[in-house]
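# An overview of the molecular structure
Residues per chain, in single letters:
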Amino acid sequence: MADKSSTVNLSGLDVERAKFMNKVNCLKGQNVQEKPNIVVIMADDLGSFDLSLRGCNEILTPNIDALGYQGVIFNRHYTQALCTPSRAAFLTGKYPIHTGLQNLVILEDEPRGLPLTEKLLPQYLKEVGYKTHMVGKWHLGIAKKTFIPTKRGFDSYVGYLGPYIDYFDYTLYNPLRNLARGFDFRRNESIYRDTVGQYVTDVFTDEASKTIRNHDPSQGPMFLYIAHLAPHAANQDDPLQAIPEDLATVTHIKDPKRRYFAAMVKALDRSVGFVVEALQEKDMLKNTIILFFSDNGGATLGPLSVAASNYPLRGQKDGPWEGSVRNPALIWSPLLQKRHYVSKHVIHITDWLPTFVQAAGTISYKFQKLDGKDIWPTLSHNKSPLRREILHNIDTIEGYSSYFRDGWKYINGTSRGGRYDGWLGNTTGIRCPENPFYPELVMKSAVWKALNPFALKSLNAKNIENIRDKTKIVCQKKISPARECNPLRAPCLFYVDADPCEINNLAHFRPIRMQVMEKRLRSFQQTSLPPSNVAPDPAANPALHGNIWTWWLGEE
C-alpha cells in the first residue's frame, strides 16, 4: 500500500506540463525531437557588473548580451555565495544546509564530497532518455572515485575535479596547504594531457562544441553542462591569465589587474558564441533551452581576487550580501512564449533542477524533499513564481545567517570578519572605444545571428538600449528611520525590493518583521544537517600520486 504521506497533488503541474509539451509538439513539423535539449553555461566568479548587458562599458560581451536580449534576462537570480555550495544546489535542487555543504568549499585535500545519497540532475534526465555530458569544473569531491561526474550521472566528462587550475598547464597549487603542485585534468576517468599548453577556456569551448556536433538526436535529447573556470583566478602565484588576442581587445583598461580580468571575460564571451554556433550548425536550436549564469558574485578582494565588480551591490563572493548571491541569469529557448525583456521575479539556483526535470517530461522530483520550485510558467509566460523566500545560508561555523522573504532580507553575522561587507568594485567610468557602437556590435555577434531567426519580434538598436536600461540596479537613498548595519553586533533588516544595495537597516523599525524572520530561520535550523567539513588528509598530496590530483581514498 502506498504511503499517503508521499502522495502529491499534481493536477496543477500536469496542466502546465501539458501546455509545455503542446508547445514542443507544435514544433514537430520542423523535425525536432519531443524532449528539449538543455545546455547550461556556468561562469565562475563573474561579477554582476562585469557584463556590458548590465551597463558595464569597460568590457563588452556581445555574445552573452545577445543571449539575454533574444531571451529573458533575470535581474534577481540568486545563487549561493561560493563555488561548491552553488554547484551542489544546482545539481540537487537543495539548499546547502540540507546537504551539509553550507560552510566554505570542498578543499582539494579534504576527504569529503557531495553526499552519494543525493540524486543529481543528470540522473533524473537519464531516466527519461537524455544523453548527459559535462565539461569543466566539478568541485564536488575528489577523495573517492564514486564522487566524480561519471559516477554521478554524466555519460562523459572533460575537465578538472578541484577548485581551480592554471589556465595553461592545468595544475593546482595552493601554497597555503603545504602540498605539491599537482595535475588536475581528465577525460572521463583518465588523466588527459593532449591539450596542455592550450588556453583552458578555449579547450572547454572546443570540447563542448564537439559534444554538440557528435550528438545523435535519434538516441535521445542532450543535457550539456559547461562549467567554465573563467573568470576565476588561477593559482595564487599567477592568478590572472589571458591570451594576447583577448588582451589586445581591452587595452583601453589601464589597471593591469582589471585588464587581465577583462580579457578572461572576453574569452568567456567568445566561448558562448562558439557553443551557440555549434547548436545552430547541428540544427538543434529549434528545440533547445540555453541557460547562462555565474555560480556566485565576483571576487574584488582576497587571495583569489580578480578585480571583478558587483557594482553597485554590497559585498562580494563569500558573504551574506547581494553582491555575493545576486547574479544575472539569461535564458533562451524558442519554447519560451515571452522573450526580449528583463524579469524582476525572484528565482533561486535550486529552481533549475525541478524546472528542467519537469521540462524533460518527468515529475519524479516531486517525491524528493527539494527546496527548488518548478519555474517554467515564470520562464515562459513571465508569471510570478511560487517562491516567496530564499534561505541564503545558515553557516554555524563562520557564524552568519541570511534569509529573504516577501521583499525583506535578514542578516545576522557576516563572513571573514566583515572584510567584504562594503560596496566593492565601483565602476571606473572607463569606456571601451567600441561602446558608441554597442547595439550594432551585439547585432553582429555570432549569438545574435544564430538566434534572431527565432525572435518573436523584429529587434533594433533602440530595443537593445531599452532592454539594457532595465537591467540597471538603482540604489535607494539613505532614509531617516534607517541605521547603519554592523551584523557582527546586531542583526540587520533590509527591504531589498526597494533597497537592493542594502543601505538602509530597518531592524529597529520593524520588530515584528524581525521576529517573523528569526522564527523561520529557527525552523530551517531544525532541518539543517551539520556541516560536513573535515580535516585535510595528508594522503591527498599529489607528491604521493605521481604529482597528480586523484581519488586517494580508492575506487569506492
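Residues numbered from 1 in each chain as written. Predicted model: local features only at pLDDT ≥ 70, side-chain atom pairs only at ≥ 80, totals over all residues. Heavy atoms only, no water.

## Things to note about the state of the cysteines
Under the definition given, this model contains two disulfides. In this model Cys 475 forms its disulfide with Cys 501; the gap between the sulfur atoms is 2.0 Å. Its S-S torsion of approximately -75 degrees makes the covalent link between Cys 475 and Cys 501 left-handed. Residue Cys 475 is located in the loop between helix 13 (461-469) and strand 18 (492-495), and its partner Cys 501 is located in the loop between strand 18 and helix 14 (511-527); the two are separated by 26 residues in the primary sequence. The disulfide partner of Cys 485 is Cys 492, and the S-S distance across this bridge is 2.0 Å. The sign of the S-S torsion, about 95 degrees, decides the handedness of the disulfide formed by Cys 485 and Cys 492: right-handed. The two residues Cys 485 and Cys 492 agree in class, both being buried. Bonded cysteines in the protein are paired 1-4, 2-3 when counted in the order they occur along the chain. (Disulfide = S-S within 2.5 Å. Helix = DSSP H or I, 4+ residues; strand = E, 2+ residues; numbered from the N terminus. Buried < 20%, exposed > 50% of the residue type's maximum accessible area, 1.4 Å probe, protein only.)

## Describing the sheet that holds strand 1 (residues 37-43)
Taken in spatial order, the ten strands make up an open sheet running 9-8-5-4-10-1-11-12-2-13, and their pairing is mixed. Strand pairing shows two members of the sheet lacking a second neighbour, strand 9 (190-191) and strand 13 (341-343), which therefore form its edges. Inspection of the sheet shows strand 2 (residues 72-74) paired to strand 13 by three bridges, in the parallel sense. Across the sheet, the residue bridging to Phe 74 is Ser 343, located in strand 13. Packed onto the sheet, helix 3 (residues 83-92) meets strand 1, strand 4 (131-137), strand 10 (222-227) and strand 11 (288-294) and runs at close to 170 degrees relative to strand 10. (Pairing = 2+ DSSP bridges. Contact = heavy atoms within 4.5 Å. Axes fitted to C-alpha atoms, helices over the stretch in contact; angles between N-to-C directions.)

## Some details on the nonpolar core
Among the nonpolar cores identified, the biggest contains 135 residues, and Phe 90, Phe 185, Tyr 225, Phe 292 and Trp 352 are the most heavily contacted of them. Ranked by residues supplied to this core, first place goes to helix 7 (residues 256-281) with twelve residues. For Trp 352, the contacting residues outside a window of four places in its chain are His 77, Phe 90, Leu 291, Ile 331, Ile 347, Ile 375 and Leu 379. (Core = buried A, V, L, I, M, F, W, Y, C linked by side-chain atoms within 4.5 Å.)

## A look at the packing of helix 5 (residues 200-214) against helix 7
Packed helices, taken two at a time, are described by their axes: the angle between them and the distance between them. Between helix 5 and helix 7, the least distance of the axes is 9 Å, while the angle of their chain directions is 10 degrees. The pairing of helix 5 with helix 7 is recorded here as roughly parallel in orientation. On helix 7, the residues touching Thr 201, Asp 202, Thr 205, Ala 208, Ser 209, Ile 212 and Arg 213 of helix 5 are Ala 267, Leu 268, Arg 270, Ser 271, Phe 274, Val 275, Ala 278, Leu 279 and Glu 281. Of the residues belonging to the contact of helix 5 with helix 7, the class tally is eight nonpolar, four polar and four charged. (Parallel < 35°, antiparallel > 145°, perpendicular 65-115°, else oblique. Nonpolar A, V, L, I, M, F, W, Y, C, P; charged D, E, K, R; others polar.)

## Some remarks on the sheet that holds strand 15 (residues 389-395)
Strand order in the open sheet formed by four strands is 15-16-17-18, and the pairing between neighbours is antiparallel. Since the sheet does not close on itself, it has two edges, and those belong to strand 15 and strand 18, each with one partner. Taking the axes of each pair of neighbouring strands and ignoring which way they run, one obtains an average angle of 10 degrees across the sheet. Where strand 17 (residues 408-412) meets strand 18, four bridges bridge the pair, whose relative direction is antiparallel. Pairing of Lys 409 across the sheet is with Phe 494, part of strand 18. Strands strand 15, strand 16 (400-405), strand 17 and strand 18 of the sheet are contacted by helix 14, whose axis makes an angle of about 115 degrees with strand 16.

Geometric descriptors of this kind do not, in isolation, establish any biological role.
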